[in-house]
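# Notes for the structure review
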Amino acid sequence: MKILVTGGVGYIGSHTLVELSQAGYDFVVYDNLVNSSKIAIDRVYKIIGKDISFEEGDIRDTKRLKEIFAKYDIDSVIHFAGLKAVGESVEKPLYYYDNNVTGTIKLLEIMKEFNCKNIVFSSSATVYGEPKKVPITEDAQTGIGITNPYGRSKYFIEEILKDLYKSDDKWKIAILRYFNPIGAHESSLIGEDPNGIPNNLMPYISQVAVGKLKELQVFGDDYDTKDGTGVRDYIHVVDLAEAHVKALEYLNSQEKLDKPLIVNLGTGKGYSVLELVKTFEKVSKVKVSYNITTRRAGDIAILYANPKKAKDLLGWEAKRDIEQMCRDSWNWQRGNKK
Ligand code: NAD
Ligand code: WQD
């Protein structure tokens, strides 16, 4: 029995391969490499010391997906494949909806055809829009106030998965809402390697620190937060990867679910932009130049998780602190200057 890992060459997927392997799972990776490079597969191989079944392909390509399901005995899917650049999604909404939503529907159709009904889906805290209160729990409203097509694609997929379960309760579905993943594997062999100028805070900070970018633009210091800058729940990518193993174990341990499992994956702690900069400077001993600028459109002031449900149901909680997140991001960036 194998697990199909769509998007497994990417940032979170590659770290999850390591944890799956360590937990004794057998998997096949399916990725069209639109936002990743096969080098990551070689690096994962270096870490785990086992051959990896990799199949290049697109989740929208049903013919290719059928070949994969016919070739391997797949009993569960961890579905990372998707486009994730918020700004690009505003410019190319149809591309995002086609890739993320249509791609997921095609994947689900083929899973159904092959009677594979276990899926772990990568959702995002972005589905909460502007939260009424923090820490946010899974029962908070979703879908209202999402400011971009990327975020809405995640919300739509969540709704599709809920409807699918209603139509057939043999589906075992885990919807994981990630907060802000940062950090890298301690080996520094794999990490986040964004194309072009990073959109997210941590890769921006680390590229300033390594001299690739001149200075960080801090998007606003007039929010109603501890120091006026945005507050987020940063989570180490290896903690996040471990949660996928726990989610799979949970699905496997249940005969049947009474509804899709929905859990927040965060630490429950919020850090401001400036706190992250200061922590990064402390662990790297490198100065990160920054300039305060205007707010970024669509940003919210503060978002962090209540992670209790993940602990209660999955027995999972984040173990790595903000210093380790910064240290591992820095070590990865230093080794990958290009
Ligand atoms: P990533 O871009 O590094 O990885 C996604 C992978 O999916 C890439 O390897 C890409 O080539 C592949 N892919 C994209 N479209 C595909 C398609 N049509 N067919 C096959 N492969 C395809 O991103 P990531 O940070 O590892 O994110 C993984 C998942 O988690 C995504 O669904 C993302 O939306 C979600 N997520 C990420 C974050 C984050 O901040 N990184 C937060 C919340 C949710
Ligand atoms: C964090 C904080 C910015 C860059 C996004 C997506 C979300 C999820 C995670 C995929 C905010 C500030 C940032 C910079 C800055 N991705 N910032 N200067 O916006 O919380 O979430 O990534 O699902 O869907 O929306 O993350 O890292 O972009 O920003 O000041 O150059 O850093 O304003 O307060 P965000 P981020």
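To keep things clear, this report deals only with the structure shown in the data block. (Residues numbered from 1 in each chain as written. Chains lettered and ligands numbered in written order. Predicted model: local features only at pLDDT ≥ 70, side-chain atom pairs only at ≥ 80, totals over all residues. Heavy atoms only, no water.)

Quick look at the environment of Gly-335 now. As for its placement among the helices and strands, Gly-335 is situated in helix α11 (residues 322–335). Note: C-alpha distance between Gly-335 and Pro-194 (141 residues apart in sequence) is 15 Å. (Helix = DSSP H or I, 4+ residues; strand = E, 2+ residues; numbered from the N terminus.)

Looking at ligand 2, there are 19 residues lining it, with Tyr-150, Leu-201, Gln-217, Arg-232 and Asp-299 nearest. Measuring from an oxygen atom of ligand 2, one finds a side-chain N or O atom of Asn-200 at 3.0 Å. When the free accessible area of ligand 2 is taken as 680 Å², the share hidden by the protein chains comes to 88%. Mapped onto the shell around ligand 2, the elements with two or more residues apiece are α7 (201–209) and β8 (216–219). For the shell around ligand 2, the element with the highest residue contribution is β8, accounting for four residues. (Near = heavy atom within 4 Å. Polar contact = N/O pair within 3.5 Å; in protein donor to acceptor, adjacent residues only side chain to side chain. Areas by Shrake-Rupley, 256 points an atom, 1.4 Å probe, with all protein chains shown as cover.)

Two side chains carrying opposite charge are able to pair once their charged atoms lie near each other. For the structure shown, the criterion picks out 26 salt bridges. Of the charged contacts in the structure, one is a salt bridge between Arg-60 and Asp-58, with a shortest N-O distance of 2.7 Å. Where Glu-317 meets Lys-311, a salt bridge forms, and the shortest distance between an N and an O atom there is 3.6 Å. Put simply, Glu-55, Arg-64, Glu-67 and Lys-71 are held in one network by salt bridges that share partners. (Salt bridge = Lys/Arg side-chain N within 4 Å of Asp/Glu carboxyl O.)

Overall, parallel pairing links the seven strands, which are arranged β3-β2-β1-β4-β5-β6-β11 in an open sheet. Strands at the two margins of the open sheet, each flanked by one partner only, are β3 (53–56) and β11 (261–265). Each strand axis lies, on average, 20 degrees off the axis of its neighbour in the sheet, ignoring direction. Across seven bridges, strand β5 (residues 118–124) lies against strand β6 (residues 172–178) in parallel orientation. Directly across from Val-120, in β6, lies its bridge partner Ala-174. In this fold helix α1 (residues 11–22) packs onto β1 (2–6), β2 (27–31), β4 (74–79) and β6, with an angle of close to 175 degrees to the strand it touches most, β2. Along the sheet, helix α6 (residues 149–167) makes contact with β5, β6 and β11, crossing β5 at roughly 150 degrees. (Pairing = 2+ DSSP bridges. Axes fitted to C-alpha atoms, helices over the stretch in contact; angles between N-to-C directions. Contact = heavy atoms within 4.5 Å.)

Turning to the nonpolar core, a few remarks are in order. Among the nonpolar cores identified, the biggest contains 40 residues, and Leu-20, Phe-27, Val-29, Val-120, Leu-176 and Leu-265 are the most heavily contacted of them. Among the elements of the structure, β1, α1, β2, α2 (39–48), β6, α8 (237–253), β11 and α10 (308–314) are those that each provide at least two residues to this core. Val-120 has contacts with Val-77, Ile-78, His-79, Ala-174, Leu-176, His-244, Ala-247, Leu-248 and Leu-251, leaving out every residue within four places of it along the chain. (Core = buried A, V, L, I, M, F, W, Y, C linked by side-chain atoms within 4.5 Å. Buried < 20%, exposed > 50% of the residue type's maximum accessible area, 1.4 Å probe, protein only.)

Closest axis-to-axis distance for the α7/helix α9 (residues 273–284) pair is 11 Å, and the angle between their directions is 40 degrees. Taken together, the axes of α7 and α9 lie oblique to each other. Taken as a pair, α7 and α9 cross one another with a handedness that is right-handed. When α7 is examined against α9, the residues Leu-201, Met-202, Ile-205, Ser-206 and Ala-209 are found in contact with a partner set consisting of Val-273, Leu-276, Val-277 and Phe-280. Across the contact of α7 with α9, the residue classes tally to eight nonpolar, one polar and no charged. (Parallel < 35°, antiparallel > 145°, perpendicular 65-115°, else oblique. Left-handed = near helix turned anticlockwise from the far one by under 90°. Nonpolar A, V, L, I, M, F, W, Y, C, P; charged D, E, K, R; others polar.)

With that settled, the discussion passes to the sheet that holds strand β12 (residues 271–272). Taken in spatial order, the three strands of this open sheet run β12-β9-β14, and their pairing is mixed. Since the sheet does not close on itself, it has two edges, and those belong to β12 and β14 (302–303), each with one partner. Here two bridges tie strand β9 (residues 231–232) to β14, and the two strands are oriented parallel to one another. Directly across from Val-231, in β14, lies its bridge partner Ile-302.

Keep in mind these numbers describe shape, not what the thing actually does.
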